[in-house]
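Residue-level listing of the chains:
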Amino acid sequence: MIGLVDCNNFFASCERVFHPELRTKPVVVLSNNDGCVIARSNEAKALGIKMGVPFYQVKKFVDEGKLHVFSSNYTLYDDMSKRVMSVIRGMVPRIEVYSIDETFIDVSGVENIYQLGLQLSARVEKWTGIPVSVGLAENKTLAKMASKFAKKYKGYHGCCVIDTPERCEKALRLFPINDVWGIGRRMIKQMNYYGVHTAYDFTKWNRSRVQREFGVTGVSTWLELQGIRCIDFEPSVAKKSITTSRSFREEITDFESLSAMVADFAALCAKKLREQHGRTAEIVVYFRTNTFRTDQPQYSNVAKVELTVPSSDVRELVTAATTGLKSIFRKGYAYKQAGVVVTNIVNGVIPIDLFDPVDRVRQEKLLQTLDKLRGKMGDRMVRVASQGDCSGEINRKYRSHCYTTNLKEIIEVKIM
DNA sequence: TCTGGGGTCCTAGGACCC
DNA sequence: TCTGGGGTCCTAGGACCC
């Protein structure tokens, strides 16, 4: 059996851990630049606030004192996520972290899985303050479905198990097709056109029709819904590409500012690369003007820079990204977004190249020293000169403190 | 006036080769 | 000069996920 552990309203729940007085209040978390809503507590959902709405549309609730709002604080969420995953890791044989707020668990060989699910849910909440929903079933698609039942119905106490054909059919009949994992916008449109409204309706199709309409991915979802395992359990796979990108609060027109941002993105990519012990030989830089504005000339472009030897050296990555940017930058445009992608990531031993002018072993020692420094002093204290300090470019009006990762922002306990 | 920031996989089509 | 079927590799774009 496979399980899915899903944190409820994760970002909002993280904020609540440090604001217990908001435990029963409507809370939302905003995207970068405070642009739109990306997480909502149940009470905020009850107010009718939809996922992804622009903040200005719900600001009236805040002004009326009916809604509490936070800018996103990914440093905090990352750290809370690691804590949640570590509690879970200690209770099951294998886990596959799927996203910041979800992990699959392998529970094969466990005798009483329902008992385990309940214990998991209780312990994660007790030890981290984050409520979770657990779904257990034969494969990932059904486990996802089970976790949604666990979240929706209080009677499950945080854990729903789909373990018999009868339970499976009952669940499929109750489950809307648009909530099925792997069925997106395009497929939903087609499904509705053909009169498919529940997961059960879909399972009644024959295989060749599914193949014809939705291809191989459609077939594997269709099979999984019928209890056949198609999507493998893959514990801790290293990422194949890493992206760092941002929209800017105010559009950027000059090369120097854009270049400083891009250098920063490259540095962040280098950091993420080193965390997974990977190196890259290909750095992609891209940018675009504001596509929502019709009154300005539009320009977007992509540049690819290849390194002769795969590297995770922040200096090499920053240089490459800057070179790429130079080759495509044009004056006279107002840039709204930019990003750096590193792809073709390789992991493992340092490659030896006879013609490589750089002493890779010495370089690695320096980089490890920098990693340690960063760990002690924070990312913004240890930078490549060209990064500049662009912390002011991004709006974070309602940001909470980094309670768990920054000594200066740690919670103070006062004894009265 | 405001519109996220990450990822993965599949497919179609072009270039090139035999 | 035109005629053919296939194969591989690469890329861009789409679709999906959170």
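The rules behind these values
- Residues numbered from 1 in each chain as written.
- Chains lettered and ligands numbered in written order.
- Predicted model: local features only at pLDDT ≥ 70, side-chain atom pairs only at ≥ 80, totals over all residues.
- Heavy atoms only, no water.
- Helix = DSSP H or I, 4+ residues; strand = E, 2+ residues; numbered from the N terminus.
- Rg over C-alpha atoms; globule rule 2.2 N^0.38 Å.
- Buried < 20%, exposed > 50% of the residue type's maximum accessible area, 1.4 Å probe, protein only.
- Contact = heavy atoms within 4.5 Å.
- Areas by Shrake-Rupley, 256 points an atom, 1.4 Å probe, with all protein chains shown as cover.
- Lys, Arg positive; Asp, Glu negative; His and termini not counted.
- Charge placed at Lys NZ, Arg CZ, Asp CG, Glu CD.
- Near = heavy atom within 4 Å.
- Polar contact = N/O pair within 3.5 Å; in protein donor to acceptor, adjacent residues only side chain to side chain.
- Domains from an automatic or database assignment.
- Salt bridge = Lys/Arg side-chain N within 4 Å of Asp/Glu carboxyl O.
- Nonpolar A, V, L, I, M, F, W, Y, C, P; charged D, E, K, R; others polar.
- Pairing = 2+ DSSP bridges.
- Axes fitted to C-alpha atoms, helices over the stretch in contact; angles between N-to-C directions.
- Phe/Tyr/Trp six-rings, centres within 6.5 Å; stacked < 30°, edge-to-face > 60°.
- Lys NZ or Arg CZ within 6 Å of the ring centre and 35° of its normal.

Regarding the overall build of chain A
Alright, step 1. Assigned secondary structure in chain A consists of 13 helices and 13 strands.
Alright, step 2. For a compact globule of 416 residues, the expected C-alpha radius of gyration is about 22 Å, and chain A comes in at 24 Å, within 12% of that figure.
Alright, step 3. Along the first, second and third principal axes, the C-alpha set of chain A runs to 65 × 60 × 50 Å.
Alright, step 4. A burial count over chain A gives 47% of its 416 residues as buried.
Alright, step 5. Counted over contacts in chain A with a minimum sequence separation of 6, partners at least 24 positions apart contribute 68%.
Alright, step 6. Surface summary for chain A: the accessible area is close to 22500 Å², and the carbon and sulfur share equals 53%.
Alright, step 7. Here chain A contributes 61 positive and 46 negative side-chain charges, whose respective centroids are spaced 3 Å apart.

Observations regarding the protein's contact with DNA strand C
Alright, step 1. Residues in contact with DNA strand C amount to 14 residues; listed here are only the nearest, Asp101, Glu102, Ile183, Arg186 and Met187.
Alright, step 2. Sugar and phosphate atoms represent 100% of those atoms of DNA strand C found within 4 Å of the protein.
Alright, step 3. Take Arg186: an N or O atom from its main chain is 2.8 Å from a phosphate oxygen of DNA strand C.
Alright, step 4. Note that a phosphate oxygen of DNA strand C is positioned 3.5 Å from one of the side-chain N or O atoms of Lys304.

A few points about the domain arrangement of chain A
Alright, step 1. For chain A, the assigned domains read domain 1 (4–76), domain 2 (92–225) and domain 3 (242–393).
Alright, step 2. For domain 1 versus domain 3, the distance between C-alpha centres works out to 31 Å.

A word on the pattern of salt bridges
Alright, step 1. Under the defined criterion, the tally for this structure stands at 15 salt bridges.
Alright, step 2. If you follow the salt bridges from partner to partner, you end up with Glu251, Arg293 and Asp295 in one network.

Comments concerning the side chain of Ser41
Alright, step 1. Structurally, the position occupied by Ser41 is in the loop between β3 (37–40) and α2 (42–46).
Alright, step 2. A distance of 3.3 Å separates a polar atom in the side chain of Ser41 from the backbone oxygen of Lys25.

Some remarks on the protein's contact with DNA strand B
Alright, step 1. Surrounding DNA strand B, one finds 20 residues, the nearest of these being Lys240, Thr243, Ser245, Arg246 and Ser247.
Alright, step 2. In DNA strand B, atoms within 4 Å of the protein come from the sugar-phosphate backbone in 71% of cases.
Alright, step 3. One of the side-chain nitrogen or oxygen atoms of Ser31 is found 3.3 Å away from a sugar or linking oxygen of DNA strand B.
Alright, step 4. Between DNA strand B and the protein, one listed contact pairs a phosphate oxygen with a backbone N or O atom of Lys240 at 2.9 Å.
Alright, step 5. Going through the elements one at a time, α10 (207–225), β9 (242–252) and β12 (335–343) are the ones with two or more residues in the surface near DNA strand B.
Alright, step 6. Considering every element that reaches the surface near DNA strand B, the biggest residue donor is β9, with six residues.
Alright, step 7. Class assignment for the residues of the surface near DNA strand B results in five nonpolar, 10 polar and five charged.

Some details on the sheet that holds strand β5 (residues 94–99)
Alright, step 1. Pairing within the open sheet is mixed, and its five strands lie in the order β5-β6-β1-β7-β8. Strand pairing shows two members of the sheet lacking a second neighbour, β5 and β8 (159–161), which therefore form its edges. Averaged over all adjacent pairs, the angle separating strand axes in this sheet is 20 degrees, with direction ignored.
Alright, step 2. Note that strand β1 (residues 2–7) and strand β7 (residues 132–137) share six bridges and pair antiparallel. Opposite Leu4, over in β7, you have Gly135 as the bridge partner.
Alright, step 3. Across the face of the sheet, helix α4 (residues 74–89) comes into contact with β1, β5 and β6 (102–106) while running at roughly 155 degrees to β5.
Alright, step 4. Taken strand by strand, helix α5 (residues 113–128) contacts β1, β6, β7 and β8, and its axis lies near 165 degrees from that of β7.

A word on helix α1 (residues 10–17)
Alright, step 1. Counted residue by residue, α1 has seven buried out of eight residues, so it is predominantly covered.
Alright, step 2. Taken together, the buried positions of α1 are occupied by Phe10, Phe11, Ala12, Ser13, Cys14, Glu15 and Arg16.

Quick look at the packing of aromatic side chains
Two aromatic rings, taken as a pair, are described by how far apart their centres are and by the angle between their planes.
Alright, step 1. As enumerated under the stated definition, the model contains 24 aromatic pairs in all.
Alright, step 2. Measuring from centroid to centroid gives 4.4 Å for Phe11 and Tyr77, while their planes differ by 10 degrees, and the two rings are stacked. Remark: Tyr77 occurs in helix α4 and Phe11 occurs in helix α1; sequence separation between them is 66 residues. Assigned by exposure class, Phe11 and Tyr77 land together as buried.
Alright, step 3. If you follow Arg173 out to its NZ or CZ, it ends over the ring of Tyr200, 3.9 Å from the centre.

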